[in-house]
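Observations on chain architecture
One letter stands for each residue in the lines below.
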Amino acid sequence: MTSSSRPFDLQIKLLMIGDSAVGKTSLLLRYANDTFSSTFITTIGIDFKIKTIDLDGKRVKLQIWDTAGQEQFRTITRSYFRGAQGIVLVYDITDRGTFNSVRSWMAQINDHADAQVNRVLIGNKADFETARQVSTEEGQRLADEYGVKFFETSAKNDVNVTECFTTIAREAKARIPTDPNNNRQGQRLNSGRASGSKPGCCK
Amino acid sequence: MSSEPAGKRALLWQGGNPSKRRKSSSRKVRWTRWSEEDSKLVAAALGAAGSVEHPDLEDQIAKDVKRTFRVRVDAALLTKFLIASALAEPDRGYVQGMNYVAGIVILVFSEDGLDDEAAAYATFSTLLRRFDGYYAPGFPVLLRDVDVLGSLLRKHKRDLCARLEACGATPMTYAPRFLMSLGSAVFDANVTARIWEPVLETPDAGSAIMVWVMMAVLCLSEPLVRRAAGDPVDTFVKVQDAILDAARGVATFDTIADAAPVSVKLVKAALDARNARRSRSGTPREPDERTPPKKMLGSLSSFPRTVRLGRQLLGLTPRSGVRKNNNANLDDDDENQPVITIEIDDEPPPPENVEEPPVHHPPRSGVKNNTNLDDDDDDDENQPVITIEIDEEPPPPENVEEPPLHHPPRSGVKNNTNLDDDDDENQPVITIEIDEEPPPPENVEEPPLHHSPPTTPGPPHDDTRDEDDKEKNSETQEPLFFF
């Protein structure tokens, strides 16, 4: 990615959460690489992607953390919440169980994420209408209840994917000052990145 | 392929009888031999998997079975194994990562027709048992290992550690995927299977082996990490990619062994020390704290067959080349102390030697030990050596010194990209290869860069290996890179 060498104004860390197999990784790969495959692999632990976008005249680098969804992993997933400026909470419209988990995920965010973190709710697999178990209205209602934006997406058909990431990035950006002095704050999310990122110990 | 007289083993050591190799080269056979599962338990578990309804469990497993590897794995069997093991350990249940583990086991056992489902399940189950705490609620052992990995890095790979942490790449960000899949989510299947051999053979050393492997991968990634670290922008993600790329580029187990900055033994000692510290909350570790290692020995000795390999492994250390970088750090460790104890205990077991050959590794350990042990006390140096001899009994003193040679051939192997073949199956048996072609001594000294091993064409062993190769080839044709 040569584009990454261009200067950027802000770096934002986003975290993707949601039950297992709702399509978090597929959404991310669609967004970051513009690819889709039905043979994606279970995410174990965590995966990372970078996407640089132009947002309202600013160059924003998104660092996106893609987590494992299985409930048992929450003990370790929690440790990734801190420092995230935006959280993309995903459920599967063809699996009501994953929608029912949204409240529990929201509680996790409350408990473990930074207080002002921005959130967005996503109902994925919208291309699979015949298997739908959660209506768009229900999704919207729940999102309204938490005061967050809502999208139904299809990673497969590339519907609304860019929109949801752009939205969460814009919200986070609005909250984070972009002047040079505060720029580092965004980066710091990566936990302690030094400005030059050259620890003096190199040989 | 049970016992072989010591005499034959010596022959193997010295380069004799290649036909022996075939005997021990079937991974399936070896795995089966090391499985500890009681056949009744296995039958019960497999039976339960088919007879009872478990909708939630089945639902989760069904989702993952579809996305376990991109190569064909018998879905029905994978499902059955996962359900069976989840039911057998209700408190643990099914945890993602186990699907990869079962997948590899099934692949290995399916190589030429799955003839023994129970044996395959027993192997899978034994592997999980080796890593109980990786999947138990809260992942206690996983968290401990991640933590100890961090300390070891800080101590033995200071510069690399500083680079990683400077960009936020803490062990918690890259290690879980390696550890919870026991390597299978990142390494080529052949490499993974090879890593599991010592794990299966050595009760109690699973964590040590995985952490050791992780450290080796980090060392392999170092050049890429350095490059990434020069980029002030995407450092974090580039570093993560560098680590994955390094793992995916591992062609053989030797690559890992060559790259490891410390010995498995040292890692094991660090893990034991951490446990001891925890259980005695806050009590600083003192030289007299030798209890933990002893305890480990106790368990090792209850598995006589595995004792030898255990010793080898615990003595497994890096090449001198690699070491150079670390010399600085080596001096200190308190961690070695426990090790001492371990070896002392080992001595007694010799009797079993008579049974089998697995022991080919020892030579290496011998070599390595000499190199490393500089770390500290004299004890260390001597001990490892002692161990070696015990195992090998037969080999005359000189053997101890030659071992270094063995490496070269292997490194050659690495060059061949497919390689896995050679080693995976043979490594345990490594001796054989060694024997056949006396590797040039010079190689011994270069090892440091795993990536650029001496270009040694495929081992001359072809003859013997034909059979194995066929199997391997079939594997190779369907590349097992999962990403």
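Residues numbered from 1 in each chain as written. Chains lettered and ligands numbered in written order. Predicted model: local features only at pLDDT ≥ 70, side-chain atom pairs only at ≥ 80, totals over all residues. Heavy atoms only, no water.

An unreviewed UniProt entry lists chain B under the name Rab-GAP TBC domain-containing protein, with Chrysophaeum taylorii given as the organism.

An unreviewed UniProt entry annotates chain A as Ras-related protein Rab-1 of Chrysophaeum taylorii. Quoted verbatim from the Sequence similarities (unreviewed entry) heading of the UniProt record, the comment on chain A is "Belongs to the small GTPase superfamily. Rab family." Regarding chain A, the relevant UniProt record gives this comment under Function (unreviewed entry): "Protein transport. Probably involved in vesicular traffic from ER to Golgi." (UniProt positions renumbered as here; feature names shortened; annotations may be inferred.)

A word on the overall build of chain A. Tallying secondary structure elements over chain A gives seven helices and six strands in all. Moving toward the C terminus, one meets the helices and strands of chain A in the order β-α-β-β-α-β-α-α-β-α-β-α-α. In chain A, which comprises 203 residues, the share counted as buried stands at 56%. Expressed as a percentage of contacts within chain A between residues at least 6 apart in sequence, the contacts between residues at least 24 apart total 74%. As displayed, chain A offers around 8,500 Å² of accessible surface, 46% of which is attributable to carbon and sulfur atoms. (Helix = DSSP H or I, 4+ residues; strand = E, 2+ residues; numbered from the N terminus. Buried < 20%, exposed > 50% of the residue type's maximum accessible area, 1.4 Å probe, protein only. Contact = heavy atoms within 4.5 Å. Areas by Shrake-Rupley, 256 points an atom, 1.4 Å probe, with all protein chains shown as cover.)

As a further point, take the pattern of salt bridges. Residue and element names in this part refer to chain B. One pass over the full model with this rule turns up 30 salt bridges over all chains. Across the pair Arg-130 and Glu-36 runs a salt bridge, and its minimum N-O distance is 2.8 Å. You can see Arg-130 sitting in helix α8 (residues 117-130) and its partner Glu-36 sitting in the loop between α3 (27-34) and α4 (39-51), a full 94 residues away along the chain. Its salt-bridge partner being Asp-159, residue Arg-163 comes within 3.4 Å of it at the nearest N-O pair. (Salt bridge = Lys/Arg side-chain N within 4 Å of Asp/Glu carboxyl O.)

Attention now moves to the packing of helix α12 (residues 171-180) of chain B against helix α15 (residues 235-248) of chain B. All names here are of chain B. Two numbers describe how α12 lies on α15: the axes approach to 10 Å, and their chain directions differ by 25 degrees. Comparing their axes, α15 and α12 come out roughly parallel. Crossing angle aside, the handedness with which α12 passes α15 is right-handed. Two secondary-structure elements touch here, α12 through Thr-173, Tyr-174, Arg-177 and Phe-178 and α15 through Phe-236, Gln-240, Ile-243, Leu-244 and Ala-247. Residue classes in the contact of α12 with α15 are distributed as six nonpolar, two polar and one charged. (Axes fitted to C-alpha atoms, helices over the stretch in contact; angles between N-to-C directions. Parallel < 35°, antiparallel > 145°, perpendicular 65-115°, else oblique. Left-handed = near helix turned anticlockwise from the far one by under 90°. Nonpolar A, V, L, I, M, F, W, Y, C, P; charged D, E, K, R; others polar.)

The next subject is the environment of Arg103(A). Residues and elements named next belong to chain A. Following the sequence through the fold, Arg-103 ends up in helix α4 (residues 102-112). C-alpha separation for the pair Arg-103 and Leu-142, spaced 39 residues apart in sequence, amounts to 8.8 Å. Ignoring anything within four residues of it in the chain, the contact list for Arg-103 reads Leu-142, Glu-145 and Tyr-146.

With that out of the way, let us pick up the sheet that holds strand β6 (residues 149-152) of chain A. Residues and elements named next belong to chain A. Taken in spatial order, the six strands make up an open sheet running β2-β3-β1-β4-β5-β6, and their pairing is mixed. Since the sheet does not close on itself, it has two edges, and those belong to β2 (46-55) and β6, each with one partner. Adjacent strand axes in the sheet meet at a mean angle of 25 degrees, parallel and antiparallel pairs treated alike. The pairing of strand β5 (residues 118-124) with β6 spans four bridges and is classified as parallel. Along β6, the bridge assignment pairs Gly-123 with Glu-152. Helix α1 (residues 24-33) rests against β1 (10-18), β2, β3 (58-67), β4 (86-92) and β5 of the sheet, and its axis sits at about 40 degrees to β2. On top of the sheet, helix α6 (residues 161-175) reaches β1, β2, β3, β4, β5 and β6; it is set at about 175 degrees to β5, its chief contact. (Pairing = 2+ DSSP bridges.)

Time to look at α4(A). Residue and element names in this part refer to chain A. Those residues of α4 not exposed but buried are Val-102, Trp-105, Met-106, Gln-108 and Ile-109. Down the axis of α4, the buried set is contained in an arc of 155 degrees. They therefore lie on one face. Summarising the geometry of α4, the exposed residues directed more than 90 degrees from the buried face are Asn-110 and Asp-111. In this structure, the buried residues of α4 make contact with β1, α2 (74-77), β4, α3 (96-100), β5 and α5 (136-146). (Arc of directions from axis to C-beta.)

This part takes up the confidence of the model for chain B. Residues and elements named next belong to chain B. Counting all residues, the mean pLDDT for chain B is 64, and 50% of those residues have values of 70 or more. For chain B, the element scoring lowest by mean pLDDT is helix α1 (residues 6-14), at 28; helix α10 (residues 140-156) scores highest, at 96. Below a pLDDT of 50 lies the segment residues 1-24, which in the model reaches 62 contacts outside its immediate sequence neighbourhood of four places, other chains included. A low-confidence stretch, residues 283-483 stays under pLDDT 50, and its non-local contacts, those more than four residues away or across chains, total 400 contacts. (pLDDT = per-residue confidence, 0-100.)

Before going further, it helps to spend a moment on the environment of Asp245(B). Residues and elements named next belong to chain B. Looking at where Asp-245 falls in the secondary structure, it is placed in helix α15. For Asp-245, a relative accessible area of 42% translates into the label partly exposed. Linking Asp-245 and Ser-221, residues 24 residues apart in sequence, is a C-alpha distance of 7.5 Å.

With that settled, consider the layout of surface pockets. Residue and element names in this part refer to chain A. What the largest pocket holds in volume is close to 670 Å³. Surrounding the largest pocket, 29 residues form its lining, Ala-21, Gly-23, Ser-26, Ser-38 and Lys-125 being those nearest its centre. Considering every element that reaches the lining of the largest pocket, the biggest residue donor is α1, with three residues. The residue makeup of the lining of the largest pocket, split by class, is seven nonpolar, 13 polar and nine charged. (1 Å grid on protein atoms, 1.4 Å probe; cavity = no way out; pocket = protein on both sides within 12 Å on 5 of 7 lines; lining within 4 Å. Points joined across faces, edges and corners; volume = space filled by probe spheres on them.)

What follows deals with the confidence of the model for chain A. Residues with a pLDDT of 70 or more make up 84% of chain A, whose mean pLDDT is 85. In the predicted structure, residues 179-203 of chain A sits below a pLDDT of 50 and forms 47 contacts with residues beyond four places in sequence or in another chain.

Turning our attention to the nonpolar core. Grouped together as the largest cluster of nonpolar side chains are 134 residues, with contacts concentrated most on Tyr135(B), Phe187(B) and Ile195(B). Grouped together as the second largest cluster of nonpolar side chains are 27 residues, Ile12(A), Leu28(A), Tyr31(A) and Ile64(A) included. (Core = buried A, V, L, I, M, F, W, Y, C linked by side-chain atoms within 4.5 Å.)

All told, the structure shown has 16 aromatic pairs over all chains when counted by the stated rule. With centroids separated by 5.1 Å and ring planes inclined at 5 degrees, the aromatic side chains of Trp65(A) and Phe236(B) adopt a geometry described as stacked. Separated into two different chains, Trp65(A) in strand β3 and Phe236(B) in helix α15 make up a pair that spans both. Look at Trp65(A) and you get buried, because its relative accessible area is 5%. Judged by centre distance (6.1 Å) and plane angle (70 degrees), the ring pair of Tyr121(B) and Phe124(B) falls under edge-to-face. With Tyr121(B) and Phe124(B) both in helix α8, this residue pair falls three residues apart, about one helical turn. Judged by its relative accessible area of 2%, Tyr121(B) falls in the buried class. A network of ring pairs unites the aromatic residues Phe48(A), Trp65(A), Tyr80(A) and Phe236(B) as a single cluster. Sitting above the plane of the Trp105(A) ring, Arg74(A) keeps its charged end 3.9 Å from the centroid. Lying over the aromatic face of Phe253(B), Arg194(B) brings its terminal NZ or CZ to 4.1 Å of the ring centre. (Phe/Tyr/Trp six-rings, centres within 6.5 Å; stacked < 30°, edge-to-face > 60°. Lys NZ or Arg CZ within 6 Å of the ring centre and 35° of its normal.)

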